[in-house]
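Descriptive analysis of the structure
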Amino acid sequence: MDALQRRVVQEDMVEYQLFLIQPDVSTFQHTEEHLSHLLEEILAKVAPLLMHYIWQNQSFNLKYHPEKGGVPAHIGGSTQFGDNVEDEWFIVYLLKQITEAFPELAARVEDNDGEFLLIEAADYLPKWLNPDTSENRVFLSRGELHILPCPTRSSPVGVSRDVIPSVAQAVVLLSTHPEACRARPKISSALEKRLQGYPERIRTGLHRAHCFIPAGIAMVLAQRPDLVAPAVSAFYLRDPVDLQACRSFKSFPPDTRVLTSVTFTRCLYAQLQQQQFTPDRRSGFTLPPRSHPQYISHELGMKLAHGFEILCSKCRLPSSEPDAPVSCNPQWKGFMDSLKRNGYFRGELEGSARYRELTKSAENFFKQSVASKSSDMSAGEEVLQLLHSCVPFNLEELKKQESQLPQEDSDSWLDITAQDLERMLQERSRGRADVGSQNTSSTKHTQHVGVAEERTKETEDDKEKEEAGYSLVAVSQGMKNFLNAMSSHEGAELPWTSSTQPFSFDPNSMANALDRLLGSKEEELDSDDLDDGDDDDDDDDDNDDNDEEREEKEEGSTGPAEMNGTETLDSLRQYMDQMDQELLSTNIGQSFNLTNYNKAGLDNGSLQPSDTDGLPREGGVEETEEEIQPLDVDLNLVTNLLESLSCQAGLAGPASNLLQSLGIHLPPNSDPS
């Protein structure tokens, strides 16, 4: 589809939709009732995970959407995740859980990058699948990733790559051929690896810190811990106009500060802690010396108070009329019934303190996710409403609780050394290489200990072999393979190594390549003919058809093509000979190494010249002029690469990046000279 016709998703926003795989087309009203009932069940299912989750900008929300523009009726929503991309992946995890618990639903999710789920598995996608052909093809169903395939000779199921399926067509295909649409194991494993750790990652992604904040903020956060996110964002995105309201703190006087424990996400804490800010003298906030043991608590509290004051300064005082209780909402009773069926109250007696606490959390979640109005209150209005509705605080009582605060978390995760970064990059690259082997290892769980010991020994042996197997011949050969390969207009295709791509053989493609190579045909050998030949690629059959058509067209046309090719080669040789004769009168040849070096040393992985051979001696210029000496291409290539690596001084650069992409690893330079 043309990029101009494609619907554009707002930046830093994720959109998600849940469709019925087998919709009941009998009546529109029945479909709406069924989806509305599923909506209540879904929210009750995910409520325990969402009630204490702190979102960066917007929360996960679902509502019913009627059929419109060819898109069937569905449940959907959108969330702006801002700077915390973990919110986006947490939503993916929620959708996997929803489709697993409700197999009659299939989920779609996308952001401004399109089908971002495929980005995690980019190394394992079939060649035909790209941003132009992936629209309406990627779904989550029964807790697994599904991709609508292209029809092939072996399997006619699917939609042609040139056709963008409608959502209705995709849903029907998922319903009738779920196995054919299931993503390959390597692709699914890459997604599972990205989601690994949930739901425990919700807890580990939080950071608890002690802060000196005004008592009013402490009371607000005690009831709504999630309001810390808009306060941090208000401070993080402040401007000079916002800071004018912080000259005199009207909503949160600084003389009521108390020490309390505040829960942030790691993203929010980093945004607040890394900001350099000096408060206005008129604000009443003073900071102790940096050597003070509680300096960080004072600084964090000061910044957080400025954020809350900025929020409230942009809002009017809330109305004195009380809002209608949540029990008046017709969806509340069904929502509570679903919570009870899912064991949300954990057997607590109705009316007990714990039961009332859980009910209050459910009410807050219901107001944010279900009973949303067209005129939603802003975060500042919610803060002011809570501030005016809560019981007046007792400052002395709050100060007594300072000695009972839980221990704050260490923020050492903010500091990443060069070694930590290197380890993270190695784990990331190793995870991509090993993602395909996770499927087979699951069947041998009982032998985990023995297999782990064997893998440890194999790893040590591999390291020893790798250290002993460094060869400069591999460097020159790898560069030759890369330069001799022919790529498409989309860019250079780097060769796969045996460690990252399993060996496979396609006899038809090999036979066609040999025929075109040995037979003097007009077309040159394309690198795609000798490609890795992944047996999972769905376009292999199409390539065979194209090859057969080209061969039929080329029959009987080899004569003129052969003559033209011979003339072209002769003309090129003459041109190169003339260029060599012109360069003989210059000194450019002295910058290259000739073939007088000992070849045996190169074969052994060494580039040391022999005792008798070397650069041309004095008087050798005349011999060179009489007969052009061939250059040692391998030696010149390796010499230039090593010089480039030496100039990089261990940092990233063109030489190391090129060798890394080719799968060639060289040891660090241990020679300081």
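Parameters at a glance
Residues numbered from 1 in each chain as written. Predicted model: local features only at pLDDT ≥ 70, side-chain atom pairs only at ≥ 80, totals over all residues. Heavy atoms only, no water. Helix = DSSP H or I, 4+ residues; strand = E, 2+ residues; numbered from the N terminus. Polar contact = N/O pair within 3.5 Å; in protein donor to acceptor, adjacent residues only side chain to side chain. Expected span 1.5 Å × (residues − 1). Buried < 20%, exposed > 50% of the residue type's maximum accessible area, 1.4 Å probe, protein only. Arc of directions from axis to C-beta. Salt bridge = Lys/Arg side-chain N within 4 Å of Asp/Glu carboxyl O. Phe/Tyr/Trp six-rings, centres within 6.5 Å; stacked < 30°, edge-to-face > 60°. Contact = heavy atoms within 4.5 Å. Axes fitted to C-alpha atoms, helices over the stretch in contact; angles between N-to-C directions. Parallel < 35°, antiparallel > 145°, perpendicular 65-115°, else oblique. Nonpolar A, V, L, I, M, F, W, Y, C, P; charged D, E, K, R; others polar. Pairing = 2+ DSSP bridges. pLDDT = per-residue confidence, 0-100.

Turning next to the environment of Asn394. By secondary structure assignment, the location of Asn394 is in the loop between helix 15 (379-389) and helix 16 (395-400). In terms of polar contacts, Asn394 uses its side chain to reach the backbone amide nitrogen of Glu396, at 3.2 Å.

Over its 13 residues, helix 20 (residues 472-484) runs 19 Å from end to end, which matches the ideal 18 Å to within 8%, given 1.5 Å per residue. Looking at helix 20, one finds that the buried residues are Leu472, Val475, Ser476, Gly478 and Met479. Buried positions in helix 20, seen along its axis, are confined to an arc of 160° and lie on one side of it.

With that settled, the discussion passes to the pattern of salt bridges. Using the criterion set out here, one finds 16 salt bridges in the structure. For the salt bridge of Lys96 with Glu192, the shortest nitrogen-to-oxygen distance reads 3.2 Å. Pair noted here: Lys96 is in helix 2 (residues 86-101) and Glu192 is in helix 6 (residues 185-194), with a separation of 96 residues, a long-range link. Taking relative accessible area as the criterion, Lys96 reaches 7% and is therefore assigned buried. Across the pair Lys314 and Asp242 runs a salt bridge whose closest N-O atoms are separated by 3.6 Å.

Before going further, it helps to spend a moment on the packing of aromatic side chains. Under the defined criterion, the tally for this structure stands at 15 aromatic pairs. Considering the side-chain rings of Tyr93 and Tyr198, the 5.3 Å spacing of their centres and the 25° angle between planes classify their relative orientation as stacked. You can see Tyr93 sitting in helix 2 and its partner Tyr198 sitting in the loop between helix 6 and helix 7 (200-204), a full 105 residues away along the chain. You can call Tyr198 buried: its relative accessible area is 10%.

One can find Ala209 in strand 7 (residues 206-214). Taking the C-alpha atoms as reference, Ala209 lies 9.4 Å from Ile296; in sequence the two are 87 residues apart. The residues contacting Ala209, other than those within four sequence positions of it, are Thr260, Ser261, Val262, Phe264, Tyr269, Leu300 and Glu408.

Where helix 9 (residues 228-236) meets helix 12 (residues 295-313), the axes come as close as 7 Å, and the angle between the chain directions of the two elements is 95°. What the angle tells us is that helix 9 and helix 12 run roughly perpendicular. Within the contact between the two elements, helix 9 uses Val228, Pro230, Ala231, Val232, Ala234 and Phe235 and helix 12 uses Lys303, Leu304, His306, Gly307, Phe308, Ile310 and Leu311. Looking at the contact of helix 9 with helix 12 residue by residue, the classes come out as 10 nonpolar, 2 polar and 1 charged.

With that out of the way, let us pick up the sheet that holds strand 6 (residues 144-147). Spatially, 6 strands are ordered 2-3-1-4-5-6 in an open sheet, and the strand pairing comes out antiparallel. Of all strands in the sheet, those with a lone pairing partner are strand 2 (63-65) and strand 6, marking the two edges. Within this sheet the neighbouring strands show an average axis-to-axis angle of 35°, counted without direction. The pairing of strand 4 (residues 105-110) with strand 5 (residues 138-141) spans 2 bridges and is classified as antiparallel. Paired with Ala107 across the two strands is Leu140, which belongs to strand 5. Against the sheet, helix 4 (residues 167-176) contacts strand 1 (13-20), strand 4, strand 5 and strand 6, and its axis sits at roughly 60° relative to strand 1.

In terms of burial, strand 3 (residues 74-80) is largely enclosed, as 5 of its 7 residues are buried. Where strand 1 and strand 3 come together, 6 bridges link them in antiparallel fashion. Counterpart to Glu15 in the pairing with strand 3 is Ser78. Relative to strand 3, strand 2 runs antiparallel, the two being bridged by 3 bridges. Paired with Tyr64 across the strands is Ile75, a residue of strand 3.

With that settled, the discussion passes to the confidence of the model for the protein chain. Averaged over the protein chain, the pLDDT score is 78; the fraction of residues at 70 or greater is 72%. Here residues 597-625 scores under 50 on pLDDT; set against residues more than four positions off or in separate chains, the count is 28 contacts.

Another aspect to go through is the side chain of His146. One can find His146 in strand 6. A polar side-chain atom of His146 sits 3.1 Å from the main-chain carbonyl oxygen of Glu144. In this structure His146 touches Arg137, Val138, Phe139, Ser141, Leu174, Pro178, Cys181, Arg182 and Ala183, once residues within four positions along its chain are discounted.

Glancing now at the packing of helix 11 (residues 266-273) against helix 12. Relative to each other, helix 11 and helix 12 sit at 100°, their axes nearing to 10 Å. When the interaxial angle is binned, helix 11 and helix 12 end up roughly perpendicular. Contact with helix 11, carried on its side by Tyr269, Leu272 and Gln273, involves Leu300, Lys303 and Leu304 of helix 12 and no other residues of that element. Taken together, the residues of the contact of helix 11 with helix 12 sort by class into 4 nonpolar, 1 polar and 1 charged.

Counted at 1.5 Å a residue, the expected span for helix 26 (residues 633-648) with its 16 residues is 22 Å, and the 23 Å between its end C-alpha atoms agrees. Those residues of helix 26 that fall on the buried side of the exposure criterion are Asp634, Leu635, Asn636, Val638, Leu641 and Gln648. Directly beyond the C-terminal end of helix 26, a positive phi value near 55° is found at Ala649.

Burial analysis of strand 7 places 7 of its 9 residues in the buried class, the great majority of the element. Judged from the 9 bridges that link them, strand 7 and strand 8 (residues 257-265) form a sheet pairing that is antiparallel. Looking across to strand 8, one finds that Phe212 is bridged to Leu259.

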